[in-house]
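# Chains, contacts and geometry: an overview
Each chain, written out:
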Amino acid sequence: AYAAALMERIVALESELTTSRKRQERTENTLQVAKSRILDLTATAGRERAARKQVEEQAEQLRHEFDVLSKEARASLANFAEVLRQGVRSVSHSKGTRPQLVLVVAE
């Protein structure tokens, strides 16, 4: 009777060990999947940070280029206004009249 009880206990323990091994294997698989997902998310986050930084740098470059172009445009307009004033002066001197001319240069 003792040997039979002992044998039943051994079979039960072997069954528990098999179940435990299966659970451990599933847990290890889940852990590997989780690690893989973490690595993917980390890589994605890194790519997103790099892309965001690149967009910020491009935006800064565009702001700089816009500033330069707007300064050049203001200078060109001021130049044009001066040339126009000189033209009006020469026309008014040649005709002896002084026409009314108002120039507005926006800055």
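Above: the structure in question.
Residues numbered from 1 in each chain as written. Predicted model: local features only at pLDDT ≥ 70, side-chain atom pairs only at ≥ 80, totals over all residues. Heavy atoms only, no water.

### Some details on the overall build of the protein chain
Broken down by element type, the protein chain carries one helix and zero strands. When the accessible surface of the protein chain is totalled, it reaches about 9800 Å², and 58% of it is carbon and sulfur. (Helix = DSSP H or I, 4+ residues; strand = E, 2+ residues; numbered from the N terminus. Areas by Shrake-Rupley, 256 points an atom, 1.4 Å probe, with all protein chains shown as cover.)

### Quick notes on a nonpolar patch on the surface
Taken together, Tyr-2, Leu-6, Met-7, Ile-10 and Val-11 make up a surface patch of nonpolar side chains, about 530 Å² in accessible area. By the element assignment, Leu-6 lies in helix 1 (residues 2-95). (Patch = residues over 30% accessible without salt bridge, like charges linked within 9 Å, V, L, I, M, F, W, Y side chains within 5 Å. Salt bridge = Lys/Arg side-chain N within 4 Å of Asp/Glu carboxyl O.)

### Thoughts on the pattern of salt bridges
Scanning the model with the defined rule gives two salt bridges in all. For the salt bridge of Glu-60 with Arg-63, the shortest nitrogen-to-oxygen distance reads 3.2 Å. Taken together, the residues span about one helical turn, with Glu-60 and Arg-63 both in helix 1 at a distance of three residues. The exposure class of Arg-63 is partly exposed, given its relative accessible area of 47%. Across the pair Glu-82 and Arg-85 runs a salt bridge, and its minimum N-O distance is 3.1 Å. Separated by three residues within a single helix, Glu-82 and Arg-85 lie in helix 1, roughly one turn from each other. What makes Glu-82 partly exposed here is its relative accessible area of 31%. On the basis of relative accessibility, which here comes to 33%, the residue Arg-85 falls in the partly exposed class. (Buried < 20%, exposed > 50% of the residue type's maximum accessible area, 1.4 Å probe, protein only.)

In short, the description is geometric, and any link to function would need to be established separately.
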